[in-house]
Amino acid sequence: AGVSADCFVFLNVPDEVLIERVVGRRTDPKTGKIYHMTFSPPEDEEVKARLVQRSDDTEEKAKVRLEQFYANVDAVKDSYEDIMVTVDGNRPRT
């Protein structure tokens, strides 16, 4: 509909890192704030006690999502190869 992309950013992250990020994610149902149990845990024990994990944030379901990603990624990348920029999505924070 007259819209075209200027840039396609491909974040390159190892599967095991993606799975770790997904599996550790938790949400506070009271505030909606998202935490990660390893990288950004809540400091307050009361908050920690009420955190919930999404039903699809399991290792098994993350692996299924990765399989779907790999089944489609080449076709998507081929469509945007002229404007694609690959970024290391696993580099340390600065």
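My aim in this report is to walk through the structure given alongside it, one point at a time. Predicted, not measured: the structure shown is a model, and the values here were computed from it. (Residues numbered from 1 in each chain as written. Predicted model: local features only at pLDDT ≥ 70, side-chain atom pairs only at ≥ 80, totals over all residues. Heavy atoms only, no water.)

A few words now on the overall build of the protein. A tally of regular secondary structure across the protein gives 3 helices and 4 strands. Reading the secondary structure of the protein in the N-to-C direction produces β-α-β-β-α-α-β. Rg of the C-alpha trace for the protein: 17 Å, well past the compact-globule value of 12 Å for 94 residues, more than 25% over. Of all 94 residues assigned to the protein, the portion counted as buried reaches 18%. For the protein, restricting intrachain contacts to residue pairs at least 6 apart in sequence, the fraction spanning at least 24 positions comes to 59%. Of the roughly 7,400 Å² that the protein leaves accessible, carbon and sulfur atoms contribute 50%. Within the protein, one finds 14 positive and 19 negative side-chain charges whose respective centroids are separated by 7 Å. (Helix = DSSP H or I, 4+ residues; strand = E, 2+ residues; numbered from the N terminus. Rg over C-alpha atoms; globule rule 2.2 N^0.38 Å. Buried < 20%, exposed > 50% of the residue type's maximum accessible area, 1.4 Å probe, protein only. Contact = heavy atoms within 4.5 Å. Areas by Shrake-Rupley, 256 points an atom, 1.4 Å probe, with all protein chains shown as cover. Lys, Arg positive; Asp, Glu negative; His and termini not counted. Charge placed at Lys NZ, Arg CZ, Asp CG, Glu CD.)

If you trace the backbone, E45 turns up in helix α2 (residues 45-50). C-alpha of E45 to C-alpha of D88: the two residues are 43 residues apart in sequence and 34 Å apart in space.

With that out of the way, let us pick up the pattern of salt bridges. Taken as a whole and assessed by the stated rule, the structure comprises 8 salt bridges. Residues R54 and D57 are paired through a salt bridge, measuring 3.9 Å at the closest nitrogen-oxygen approach. Overall, the relative accessible area of 43% leaves R54 in the partly exposed class. We classify D57 as buried; its relative accessible area is 1%. Between E59 and K63 there is a salt bridge, and its shortest N-O distance comes to 3.1 Å. Of this pair, E59 and K63 both sit in helix α3 (residues 59-79), 4 residues apart, which is roughly one turn of that helix. Take K63: its relative accessible area is 40%, and that puts it in the partly exposed class. (Salt bridge = Lys/Arg side-chain N within 4 Å of Asp/Glu carboxyl O.)

Remember that the coordinates give geometry; whether it matters functionally is a separate question.
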